[in-house]
Amino acid sequence: MCTNGVNTTQFESMIDMADDYVAVGYRWTHKMAHMAADGGFASASEKLHAAQALLADARALLDEAKLCVEEGVTVSNGITAKRV
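Residue positions are given per chain, counting from 1 as you read along its sequence in written order. Per-residue local features are limited, in this predicted model, to residues with pLDDT of at least 70; the limit for side-chain atom pairs, both in listing and counting, is 80 or more; totals at the level of whole chains, interfaces and linings are taken over all residues. Neither water nor hydrogens contribute to the side-chain values; these are computed over all heavy atoms in the structure.

- As annotated in an unreviewed UniProt entry, the protein chain is Dynein gamma chain protein from Adlercreutzia shanghongiae.

Structure representation (structure tokens):
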């Protein structure tokens, strides 16, 4: 379905693809953080865990963006998408 000149089905699929990409980064960052910790690189492990948390935040924002497209709702940062 198209809304405001956007194929919403395709757009939601694109958001899903971006989420899949970030999910792979999240998993790899998690593995690297533990490898660094096991190798005695505590500060590198800490930084990788921080990066992992940011990737989790990115995935949450992608979910919110998809919700905006699907339901036309306003989320915490004030973005609204309305289905016409």
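### Comments concerning helix α2 (residues 42-71)
Reasoning step 1: Put simply, DSSP marks the helices as runs of H or I at least four residues long and the strands as runs of E at least two long, and each gets a number from the N terminus on. What a helix is expected to span follows from its residue count: subtract one and scale by 1.5 Å. Between its first and last C-alpha atoms α2 spans 43 Å; for 30 residues at 1.5 Å apiece the expected length is 44 Å, and the two agree.
Reasoning step 2: Note on definitions: a residue-residue contact is assigned when non-hydrogen atoms from the two residues lie within 4.5 Å. Looking at the buried side of α2, the elements it contacts are α1 (8-38).

### Considering the confidence of the model for the protein chain
Reasoning step 1: Here the protein chain shows a mean pLDDT of 86. Residues at 70 or above account for 80%.
Reasoning step 2: The predictor rates its confidence in each residue with pLDDT, a number between 0 and 100. Confidence, read as mean pLDDT per element, is least for strand β1 (residues 2-3) in the protein chain (62) and greatest for α1 (95).

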